[in-house]
Amino acid sequence: MDLNEMKLTRRTFLGGTAAWTILPNNLTAAPNNKTKKPDKNLGTAIWEKPDGSATDSVMVRRLYLDLAGRIPTREEAQAYVYSANPNKLESLMESLLASKDFTDYWTMRFCDVLRVKSEFPINLWPNAVYVYHARIRRFVEQDESWDDFGRALLTSQGSNFRDAEVNFFRATNRRDPNGWAEATAQTFLGIPPSELTASQRANLSVFFANVKIKNSREWKEEIVYVDGDDLRDRLCERLFADKRREVSAAFLKLVHGWIFGTCGTPRKNSEELHLKNMLRKIVMSKEYSQGSISGGFPVRQLDAEVLDDIFCSLGGDTRNYQSPAPEPFTFLPPDRRTICVEDGSITNGFLTLFGRPARDTGLPDERGTEVTAKQRLYLFNSGKLHQQLNRIVASSENHNNAGNPTSSNRTPFPKRVDDIYWKLLSREPSPRERQLIVNVWQKSKATKTKRANPPNLLRDVAWCLINTKEFLFRI
Amino acid sequence: MTMKTAKSVVEIWLWGGPSQLETFDPKPNAPRDYNGGLKAIPTNVAGMEIHEWWPQLAKCADLYSVIRSMTHSQFGHESATYLMQTGRLPGGGEVCPAIGAVIAQQKSKTYKGDLPPFVILTRAKGRFSEIGFLGMEAAPLVTGGNPNSQRFVVDGIVPPSGLTPQSTQDRFDLLAELDAWRPVGSDFNISKAKAFDDAGVDARRITEGSAAKVFDLSLEPEEMRSRYGRTEIGQSLLAARRLVEYGVPYITVNVPGWDSHKRHFETMKRKSGDTDRAVAAFLGDMKDKGLLDSTIVWMCGEFGRTPKVGWEAPWNGGRGHYARCFSALVAGGGFKGGHVVGASDETGSNVAKRPVAPQDFLGSIYERCGIDPDGPLPNAKGKKMTLLPPQSECGRLKELYI
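Treat the numbers as computed from the prediction; the structure is a model and nothing was measured.

1. Observations regarding the overall build of chain B
- Regarding its fold elements, chain B presents 10 helices and 14 strands.
- In summary, chain B has a C-alpha radius of gyration of 22 Å against a globular reference of 21 Å for 402 residues, a match within 12%.
- Projected onto the principal axes, the alpha-carbon positions of chain B cover approximately 75 × 50 × 50 Å.
- Taking the contacts inside chain B whose residues are at least 6 apart along the sequence as the reference set, 72% of them involve residues at least 24 apart.
- Charged side chains of chain B number 48 positive and 45 negative; the gap between the two group centres comes to 2 Å.

See below:
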């Protein structure tokens, strides 16, 4: 593809006073605004090559986070970083695109947009949530084209429990032609209700004039049907043939936004309507391989669901998602990953705290993307998180450098530091970092303080790493 | 009117919908199918009676007023909660913020404390977003933990046991060295990094300043803790008083368990006992400390309960959801005490006098806080919205304004 197709509108650096590293006792220097050069003393080579592109350890983490909704395991990260294959980026991308994790993660993203939740204010009802989620999952897994999927949704009829696509007509705040016009404009044209003009709304709602919803004898079943002429085929013609360019531009904007956030807009529309092809072009573009220090690749905060999965899987925790409505209660299996939770109404305080979208409007800005003091309080002090960190430290005991369990020999302290770095940050510590930590250890032994005992210091190291920007952001 | 506006609001939310008949609108003369054979008791305000299960509140009725004519149309928990919290019916494409998020946001312009301006004890309402479209900054601090336990652990604010101030400092020293990723080339990334660091500074100010001590209930005399009752609601309200003293503009105490479809009377008697003692102690303590005049206290659920008792199985003496007529309590912050607003009919089934709609009730709280309920609701995306819909025909609770 033409690399300019996805070109980011690079913003200029505005300088300023940048008194922004204000944690007390910070011994490191403030950035030098005049030269705009990263401080080599901090070992920026870990993250960025001299030409401003991202290093392998940044790329492997970036790819896993964007395509699979998780960070790589130690072994996966090492396999990539140590591979000499010149096409390793493409081959990792292909294997991730074919993985179950990709399907799970991108299904979650589309369920956000389509407002998949059982209760207030969308009220799909649990049975309908599960069939609709499964249908959206099929769209992602089989890489169905966006217009085919759209046509299936827009022309659907039948039961909310059996004909999954009809839930498009139920997952709206208003179940009437105007509400469906707004949902159509938002989903397929990228126009939020607040920007939809009255005449646009009227033009779209005409096609839904004969769409009705009725109850059946089954509890909470609803039938979407057409009473009179079905005008929706004509709507699909209008959208997916006449307005194909607008539809594909909106789809590109949506997917592009999930990777690049609000930074930059895709410059040229390629009329691509297959998700995986679109992601291939993004991942193989030059912009995607930029570093985030001087290279300008826009960072984004990890999704609440992804963060929860990281803490639970590394910390050896199970989830206990449940829903008290309707009776009898729903209990999800304890090994269900958070990105796989189908129902937006099933949630917990952690997910709310870290910005999981409520799926009330389906607009992209529903997801919280700003770091808040309350989030940092959790990362500093949460009792649950401390238990998870303890388990991460305990698991570093039985790893030698090759990642094989060694029960007979105790793992030397520096190797345990390496293990924690690989697990949490997908890389080895820089010589500077390793030295810093070993120095603290030596000093603690000399003064006989608590951190002379390796688990105590390693717990502090793990705590530090999850409190770095490098961890909380996809850089 | 020249009175000072209220500084803080304490919301006591009886999640599930408590019965109006067994709280502030008893019907001792109605048939047993309505009152369950139970009685009313006099209060220290002549002519004002409440239900016999609230003896402590009966002794201090001069401190609060009751509204017996709350009414709306929503009989499901979520939609009724939404209505009672936002003043609006669900639907219409927007999810509006609850009163707590709105008042906290408005008051945060003058609030100088380190704790967030909106604190919830101890659990969020759940399945209902308090912040609506206001975004993460308006989100409440939800304490978790149990204020009635040995140590009230507010997750994130009270460090896990074993962490001393020195070991915490050691950690931050090491973190300052290890958090070395630092963008220089894009102002977007620079602003993200700055927001991360700023949030960290704010968080440390909370844990290391006076704010964290607000939750240390062991600093209260034992006698005071007992006065509130050694129950979760009792100690939550004690924590709420400490939060008011600290200056937090909006505090919610969520008290679940009022959804008494089955065996209503057993549930109601148990819940009333703890709540009566705690709320009466809270109002008295607030008065003694001179805080009540500047703090609005309001208490109700999303609706009331069906006046006619379902004696038959499976209810076995139960009451269903009922929104047509129910009761609420309001005290302090520029509201008169010792008054009864409105009235229900002889069985508590319908409003007989002076209906009060949710937006009238909420609008009165806004007004007493110095916030114009007809003013603009900030951040309503692209749409011009007022804080609340227009007041109903009978209007806000002017008769209670001091």
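2. Remarks on the nonpolar core
- By size, the foremost hydrophobic cluster in this structure holds 203 residues, and its most contacted members are Trp106(A), Phe110(A), Tyr64(B) and Leu115(B).
- When residues of this core are assigned to their parent elements, the largest contribution, nine residues, is made by helix α9 (residues 264-288) of chain B.
- Once residues lying within four places of it in the same chain are set aside, the contact partners of Tyr64(B) are Met48(B), Ile50(B), Leu57(B), Ala58(B), Leu283(B), Leu329(B), Val330(B), Ala331(B), Lys336(B), Gly337(B), Gly338(B) and His339(B).
- Listed in part, the 46 residues of the second largest apolar core include Trp15(B), Ile99(B), Ile131(B) and Leu377(B).

3. Re the confidence of the model for chain A
- In this model, chain A carries an average pLDDT of 87, and 87% of its residues clear a pLDDT of 70 or more.
- When the criterion is pLDDT under 50, residues 1-35 of chain A qualifies, and its contacts beyond four places in sequence or with other chains add up to 79 contacts.

4. Concerning the interface of chain B and chain A
- Contacts between the two partners involve 63 residues from chain B and, on the opposite side, 84 residues from chain A.
- Buried area between chain B and chain A, summed over both chains or domains, comes out near 6,600 Å², and the portion from carbon and sulfur atoms is 65%.
- For the chain B face of the interface with chain A, the top three residues by lost area are Arg171(B), Trp181(B) and Arg182(B), together amounting to 14%.
- On inspection of chain B and its partner chain A, the count reaches four salt bridges.
- Notably, a salt bridge pairs Asp197(B) with Lys469(A), separated by 3.2 Å at the nearest N-O pair.
- Here chain B is connected to chain A by 17 residue pairs in polar contact (both at pLDDT 80 or more).
- Residue composition of the side of chain B that touches chain A, by class: 32 nonpolar, 13 polar and 18 charged.

5. With respect to the packing of helix α5 (residues 126-141) of chain A against helix α6 (residues 146-154) of chain A
All names here are of chain A.
- Two elements in contact, α5 and α6, have axes whose closest approach is 10 Å; the angle formed by their N-to-C orientations is 155°. Overall, the two elements α5 and α6 adopt an arrangement that is roughly antiparallel. Between α5 and α6 lies a crossing whose hand is right-handed. Of α6, the residues touching α5 (which contributes Tyr132, Arg135, Ile136 and Phe139) are Trp146, Phe149, Ala152 and Leu153.
- Here the contact of α5 with α6 is composed, by residue class, of seven nonpolar, no polar and one charged.

6. A few points about the pairing of strand β7 (residues 250-256) of chain B
Residue and element names in this part refer to chain B.
- Within β7, six of the seven residues are buried, leaving the element largely enclosed by the surrounding structure.
- Where strand β1 (residues 8-15) and β7 come together, seven bridges link them in parallel fashion. For Trp13, the partnering residue across the bridge sits in β7 and is Asn254.
- Relative to β7, strand β5 (residues 118-121) is paired through four bridges, and the arrangement is parallel. Bridge pairing links Leu121 to Val253 in β7.

7. Observations concerning the side chain of Thr172(A)
- Tracing the backbone shows Thr172(A) in the loop between β1 (158-159) and α7 (177-188).
- A residue is classified by how much of its surface remains accessible, and Thr172(A), at 5% relative accessible area, is buried.

8. Details of the environment of Ala331(B)
Residues and elements named next belong to chain B.
- Topologically, Ala331 is positioned in strand β11 (residues 326-331).
- Between the C-alpha atoms of Ala331 and Leu388, which are 57 residues apart in sequence, the distance is 21 Å.
- Residues in contact with Ala331, not counting those within four places in the same chain, are Leu63, Tyr64, Leu283, Thr295, Ile296 and Val297.

9. Looking at the pattern of salt bridges
All names here are of chain A.
- If you walk through the whole model with that rule in mind, you get 71 salt bridges over all chains.
- Taking the shortest distance from any N to any O, the salt bridge between Asp419 and Arg74 comes out at 2.5 Å. Note that Asp419 is positioned in helix α16 (residues 413-425) and Arg74 in helix α2 (residues 74-81), a separation of 345 residues in sequence.
- Taking relative accessible area as the criterion, Asp419 reaches 0% and is therefore assigned buried.
- Taking relative accessible area as the criterion, Arg74 reaches 3% and is therefore assigned buried.
- Note that Glu305 is salt-bridged to Arg356, the shortest N-O span being 3.7 Å. Pair noted here: Glu305 is in helix α12 (residues 304-314) and Arg356 is in the loop between α13 (349-353) and α14 (373-381), with a separation of 51 residues, a long-range link.
- Through salt bridges that share partners, Asp66, Arg109, Asp112, Arg300, Asp303, Glu305, Arg356, Arg359, Arg367 and Arg474 make up one connected network.

10. Some details on the pairing of strand β8 (residues 295-300) of chain B
Residue and element names in this part refer to chain B.
- By the criterion of burial, β8 is predominantly enclosed, with six of the six residues buried.
- Bridge analysis of β1 against β8 gives six bridges, and the strand direction is parallel. Following the sheet pairing, Val9 is matched in β8 by Ile296.
- As defined by bridge partners, β8 adjoins β11 across three bridges and the pair is classed as antiparallel. Looking at the pairing, Met299 lines up with Leu329 of β11.

11. Points about α5(A)
Residues and elements named next belong to chain A.
- With 16 residues, α5 should reach 22 Å at 1.5 Å per residue; the first-to-last C-alpha distance of 22 Å fits that figure.
- For α5, the complete set of buried residues consists of Pro126, Ala128, Val129, Tyr132, His133, Arg135, Ile136, Phe139 and Val140.
- Of the surrounding elements, those touching the buried residues of α5 are α4 (100-113), α6 and α11 (275-284).
- Phi turns positive one or two residues past the end of α5, at Asp143, with a value near 50°.

12. Notes on the packing of aromatic side chains
- Scanning the model with the defined rule gives 43 aromatic pairs over all chains in all.
- Taking the centre distance of 5.2 Å and the plane angle of 90° together, the rings of Trp463(A) and Phe172(B) count as edge-to-face. Note that Trp463(A) is positioned in helix α18 (residues 454-466) and Phe172(B) in helix α5 (residues 165-178), a pairing that runs across two chains.
- By relative accessible area, which is 3% here, Phe172(B) ends up buried.
- Aromatic pair Phe265(B) and Trp311(B): ring centres 5.8 Å apart, planes at 15°, arrangement stacked. Here Phe265(B), found in helix α9, pairs with Trp311(B), found in the loop between β9 (304-305) and β10 (321-322); they are 46 residues apart in sequence, far enough to count as distant.
- According to the relative accessible area criterion, Phe265(B) is buried, its value standing at 14%.

13. Some details on unusual backbone geometry
- Between Leu121(B) and Thr122(B) the backbone carries a cis peptide bond, its omega angle lying at -20°.
- By the element assignment, Thr122(B) lies in the loop between β5 and β6 (141-142).
- At Trp125(A), a position not held by glycine, the phi torsion is positive, near 80°.
- Structurally, the position occupied by Trp125(A) is in the loop between α4 and α5.
- Owing to a relative accessible area of 16%, Trp125(A) belongs among the buried residues under this scheme.

14. Description of the side chain of Ser396(A)
All names here are of chain A.
- Tracing the sequence through the fold places Ser396 in the loop between α15 (383-395) and α16.
- Reaching out from Ser396, the side chain makes a polar contact with the backbone oxygen of Val393 at a distance of 2.6 Å.
- If sequence neighbours within four positions are ignored, Ser396 has contacts with Thr411, Arg416, Asp419, Ile420, Lys423 and Leu458.

Cut-offs applied
- Residues numbered from 1 in each chain as written.
- Chains lettered and ligands numbered in written order.
- Predicted model: local features only at pLDDT ≥ 70, side-chain atom pairs only at ≥ 80, totals over all residues.
- Heavy atoms only, no water.
- Helix = DSSP H or I, 4+ residues; strand = E, 2+ residues; numbered from the N terminus.
- Rg over C-alpha atoms; globule rule 2.2 N^0.38 Å.
- Contact = heavy atoms within 4.5 Å.
- Lys, Arg positive; Asp, Glu negative; His and termini not counted.
- Charge placed at Lys NZ, Arg CZ, Asp CG, Glu CD.
- Core = buried A, V, L, I, M, F, W, Y, C linked by side-chain atoms within 4.5 Å.
- Buried < 20%, exposed > 50% of the residue type's maximum accessible area, 1.4 Å probe, protein only.
- pLDDT = per-residue confidence, 0-100.
- Buried area = accessible area lost by both parts, 1.4 Å probe.
- Salt bridge = Lys/Arg side-chain N within 4 Å of Asp/Glu carboxyl O.
- Polar contact = N/O pair within 3.5 Å; in protein donor to acceptor, adjacent residues only side chain to side chain.
- Nonpolar A, V, L, I, M, F, W, Y, C, P; charged D, E, K, R; others polar.
- Axes fitted to C-alpha atoms, helices over the stretch in contact; angles between N-to-C directions.
- Parallel < 35°, antiparallel > 145°, perpendicular 65-115°, else oblique.
- Left-handed = near helix turned anticlockwise from the far one by under 90°.
- Pairing = 2+ DSSP bridges.
- Expected span 1.5 Å × (residues − 1).
- Phe/Tyr/Trp six-rings, centres within 6.5 Å; stacked < 30°, edge-to-face > 60°.

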